Amino acid sequence: RSAEGSMRDALSLLDQVIAFGGGKLTAEDTRTMLGSLDRTQVFGIVEGLSDRDARKVLEHVAELDEHAPDYREVLAELAALLQKLALLQAVPDMQLDEAEDVERYKKLAAAISPEDTHLFYQIAIVGRRDLELAPDVRGGFEMVLLRMLAFGLSEASQAPSAAPTPTPIRSGTASSAPAVARA
């Protein structure tokens, strides 16, 4: 992903990670050198979103913040995860390239409504674009996640639909109408 599809860049990054790790290649060294994050952190955020648990979501953000992440990249990872969930929701037997996480993807795809998946994806990519406008990057990231919780559809669609009772507006009463002077 860091090479953005370029084989030459991928090989160069591989050489750099091997040098960084003193001849050893580990996932932890790779994440540290590239400034990328452990995917389990993003899964934790999405699980918190699916549970509609703001505290859980913000606890994952606090854990994430300990590693000083690039929050734009976290939102990109979040959007990529949501895109895979949407694929699984549309085609449940689709084969993912994420061999070790397939069951976790399937569990999340079943836990989140397709509508919320699409909405969360849209909020993540728009939030990524708007993150630089936030006064504080972490605060902006938290607001994107809170927006997902605030505007999620599944909770609203499960609530009984009771139309609000309109409040009558009083008009034309003698005591509240201003006097009009006639010539």
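Structure: above.
Residues numbered from 1 in each chain as written. Predicted model: local features only at pLDDT ≥ 70, side-chain atom pairs only at ≥ 80, totals over all residues. Heavy atoms only, no water.

(A) Seen up close, helix α4 (residues 54-65). For α4, with twelve residues, the first-to-last C-alpha span of 16 Å sits near the 16 Å given by 1.5 Å per residue. Among the residues of α4, those classed as buried are V57, H60, V61 and L64. Relative to the axis of α4, the buried residues are bounded by an arc of 105° and lie together on one face. Against the buried residues of α4 lie α3 (39-50), α5 (71-90) and α8 (137-151). (Helix = DSSP H or I, 4+ residues; strand = E, 2+ residues; numbered from the N terminus. Expected span 1.5 Å × (residues − 1). Buried < 20%, exposed > 50% of the residue type's maximum accessible area, 1.4 Å probe, protein only. Arc of directions from axis to C-beta. Contact = heavy atoms within 4.5 Å.)

(B) Representation of the pattern of salt bridges within the structure. Per the stated rule, a full pass over the model turns up seven salt bridges. The residue D116 makes a salt bridge to R52 at a minimum N-O spacing of 2.7 Å. Of this pair, D116 sits in helix α7 (residues 114-130) while R52 is found in the loop between α3 and α4, placing the two residues 64 residues apart along the sequence. On the accessibility criterion, R52 (21% relative accessible area) is partly exposed. Put simply, R128 and E73 hold a salt bridge, and the shortest N to O gap is 3.3 Å. In this pair, R128 sits in helix α7 while E73 sits in helix α5, placing the two residues 55 residues apart along the sequence. Classification of E73 by relative accessible area gives partly exposed; the value is 38%. Here the salt bridges do not stand alone but share partners, grouping D65, R138 and E142 into one network. (Salt bridge = Lys/Arg side-chain N within 4 Å of Asp/Glu carboxyl O.)

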